[in-house]
Amino acid sequence: MKAQQGFLEQSVQVLASIGPKRALALGDAGIATLEDLLYYFPRRYLDRSTVTPIRDLKENEDATVVGRIIQADVQAGRKSRFVLALSDNTSILTCVWFSHVRYWQKKFIVGEWLAVSGKVSRFGVYQMTHPEFDLLGDDKENVGFNTGKIVPVYPSSEALTRVGFDSRGFRRITGRMMEGLSAKVEEILPAHLRESQNLMPLVQALKHIHYPDSFAALEAARHRLKFDELFFMQLMLAFRRKRFTAEAGGIAFDKVGDKVKRLIDALPFDLTEAQKKVLHEIRADMKSTKAMNRLLQGDVGSGKTIVALVTILIAVENGYQAALMAPTEILAEQHFLTIYHLLQTIDVQAVLLLGGQPKTLRAGILADIASGRAQIVIGTHALIQEQVEFCKLGLIIVDEQHRFGVMQRAMLKKKGQNPDVLVMTATPIPRTLSLTLYGDLHVSIIDQLPAGRKPVVTAWRSDSQRKKIYDFVRQQVKSGAQVFTVFPLVEESEKSDLKSAVESYEAMRATTFKDYRVGLLHGRMKSDEKETTMASFKNGDIDILVCTTVIEVGVDVPNATVMVVEHAERFGLAQLHQLRGRVGRGDKQSYCILIAYGALSGDARERLDVMAATTDGFKIADKDLELRGPGEFFGTKQSGLPALKIADVIHDIDILYRARKEAFDLVERDPQLVESNHVNTRTYFNNHFKGRYNLAWVG
Ligand code: ADP
Ligand code: MG
């Protein structure tokens, strides 16, 4: 049967009993249409197999009980409390609430059925304190439950509950929506794919995810819906890659001049094998008439800058301009100096474009970029401003690309005619994530550090050991080391107890380290002040640089060998890894001391322990993922990917691989999805993903 046109796009208000006020509350929770409601999945399910008869409860164990409310009382006393008794015909359970007793009293009605979950204790009878609960309603519904029905429990919130959408309220409207569903929902996957992947039909899956006949059916439904979610995400990536590689008119950088060779000969070191390997891959991309769209991944200190510079020179030798975009002024400035220095004997013009440059200087730089005199343009996101016009932009490199949003990269790309793109990141991510976050890019990995690097010796200490830490720092400086001391904030804010960089700088300069040269660097200083300070530190004119996280990414001062991080408990793992990456960049032994304050949360302690245990970026990334969950990476503006509702890229890795293969195969076979059995897939894709697909052309 042909599905009803547009049924799912209708507002939830077409369901009886949903007026404007209730619709508004649902809308705030992301449920505006019938389709939204259909994809609002239960968070768990109750049935006889997940419910324990009260008679069989065990003390100190978590359990779910379903029973009828036989008594509900406020017990007055020194402190009043609300006590409720439940019976399931095997025995009696009491539930106790010590606060909001009036509220609870209104909530529970004697005679209704209730599911409660919590830890079981025993005071004569079994008892739960402040259990999680779910109102099941009248007899009839519960009879169904007792005869083996599986009851969905929906997520809710205070705002939703206030307008009657607790779990039971949701059951009413989802129940109504299920009526005649098969006539209203179209299949969105081609039959051949459903068969080969052994997937339940969509309408069945949607029925069973809300009201499963059995746990086996629920499992099959979940599998199908996870597959859909991952499949359409991969389909978007497959389209993007197809579009990218199919688009002719990329630049073929096929001329090989002597600039690259002269640069490499002039380096004080040999390239690592890993650097050579990725340059080989980049070179092949650049030669081809298709535009390069590549991600260069390499841990902190692996030497991505020099790879970027070689790539830039290839473009320049072919008569094109190259742009290098960095997330901070300090990093852009540093790249500029490095490149300027390395190119001294090679006749190439580089300019630096930052946000706050003086007018006349800026005008000159813009003119050079427009005329093509500037062959290499290095800068911050100032590069994407409207006034910046390139003469012949052929290559874009984005350093620390995770710091930019997809829009910013897209805007830079528009400044050229289908330029080659290389994005670089030091944030190692597990393969599962790179298949999704970067699923449309080609990936090159520098999986080796330059020879002679010693792992940074790392320890975390409590604030109380500060004296010993300072003694160590003094001793290090005496033997010629330079030190970073990083603070989380610039100025002491009234509310917070964070030590401010500025204040500590004053104290260190005046007392703690008065015999040493102490410098200060933070984000609110003027550009030229930052430049001067950074240059003095680089030249060895500053021993101890007190700073904020402005130095977090990219900063390269090989003689700096001690990193002290204040309030390390407040930083995330990725950030700590980046900060530590500022030392250990030469062949000298480096140290990282993480100073933690106060009582630590379990997570904070774990993060610090991981940092002390390993310097391997991939191990740290895995741990980060474990602690924060993949949700952090999706549904953000940066990722350009939709948030996942039911699939989980870690646990559903098998489904991810299958979905990816099917999606890429499908686009290979039928790039426009014009075959008749692909039309529904195309329509669904266009309705749900087209916007993202167009916006997020890369990464
Ligand atoms: P990242 O990958 O973190 O951006 P950089 O490109 O800043 O790393 O390189 C880190 C340091 O290693 C720099 O001081 C750089 O000069 C040096 N370096 C890069 N490649 C090599 C190499 N092959 N051998 C020795 N040192 C290298
Ligand atoms: Mg770098």
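Residues numbered from 1 in each chain as written. Chains lettered and ligands numbered in written order. Predicted model: local features only at pLDDT ≥ 70, side-chain atom pairs only at ≥ 80, totals over all residues. Heavy atoms only, no water.

Visitor: Can you help me understand empty space enclosed by the protein in this one?
Guide: Vacant regions in the atomic arrangement are exposed by a probe of water-molecule size rolled over the atoms. The full count for this structure, using the stated rule, is 3 cavities of 30 Å³ or more. What the second largest cavity holds in volume is close to 50 Å³. Every residue along the wall of the second largest cavity is listed here: Glu329, Ile330, Glu333, Leu354, Ser527, Lys530, Glu531 and Met534. Secondary structure elements with two or more residues in the lining of the second largest cavity: helix H13 (329–342) and helix H19 (527–539). Among the elements that line the lining of the second largest cavity, the one with the most residues is H19, at 4 residues. (1 Å grid on protein atoms, 1.4 Å probe; cavity = no way out; pocket = protein on both sides within 12 Å on 5 of 7 lines; lining within 4 Å. Points joined across faces, edges and corners; volume = space filled by probe spheres on them. Helix = DSSP H or I, 4+ residues; strand = E, 2+ residues; numbered from the N terminus.)

Visitor: Would you explain the pattern of salt bridges in this entry?
Guide: Where side chains of opposite charge bring their charged atoms close, a pairing between them can arise. The final tally for this structure, using the stated rule, is 29 salt bridges. Across the pair Glu606 and Lys623 runs a salt bridge whose closest N-O atoms are separated by 2.8 Å. Of the two residues, Glu606 sits in helix H21 (residues 602–613) while Lys623 sits in helix H22 (residues 617–628), which places them 17 residues apart along the sequence. Assessed through its relative accessible area of 30%, Glu606 is described here as partly exposed. (Salt bridge = Lys/Arg side-chain N within 4 Å of Asp/Glu carboxyl O. Buried < 20%, exposed > 50% of the residue type's maximum accessible area, 1.4 Å probe, protein only.)

Visitor: Would you mind showing me how to read the nonpolar core here?
Guide: When a protein is soluble and globular, its nonpolar side chains tend to lie buried together. Membership of the largest hydrophobic core comes to 92 residues, with the highest contact counts inside it found for Phe170, Phe231 and Leu235. For this core, the leading source of residues is helix H9 (residues 215–246), giving 12 residues. Leave out the neighbours within four places in its chain, and Phe170 touches Leu26, Ile31, Leu37, Tyr40, Tyr154, Pro155, Leu160 and Phe165. (Core = buried A, V, L, I, M, F, W, Y, C linked by side-chain atoms within 4.5 Å. Contact = heavy atoms within 4.5 Å.)

Visitor: Explain a nonpolar patch on the surface to me, please; I cannot follow it from the model alone.
Guide: Side chains of Val443, Ile445 and Phe618 sit close together on the surface and give an oily, nonpolar patch of about 210 Å² of accessible area. Take Val443: it is sitting in strand E16 (residues 442–446). The class for Val443 is partly exposed, based on a relative accessible area of 35%. (Patch = residues over 30% accessible without salt bridge, like charges linked within 9 Å, V, L, I, M, F, W, Y side chains within 5 Å. Areas by Shrake-Rupley, 256 points an atom, 1.4 Å probe, with all protein chains shown as cover.)

Visitor: Hey, could you run me through the sheet that holds strand E6 (residues 121–123) in this one?
Guide: One open sheet holds the 7 strands; their spatial order is E6-E7-E4-E3-E2-E5-E8, and the pairing between them is mixed. In the strand order of this sheet, the two ends are held by E6 and strand E8 (132–137), each with one partner. Across this sheet, the average inter-strand angle for adjacent strands is 40°, counted without regard to direction. Relative to strand E3 (residues 81–87), strand E2 (residues 62–75) runs antiparallel, the two sharing 7 bridges. Note on E3: the bridge partner recorded for Val74 is Phe82. (Pairing = 2+ DSSP bridges. Axes fitted to C-alpha atoms, helices over the stretch in contact; angles between N-to-C directions.)

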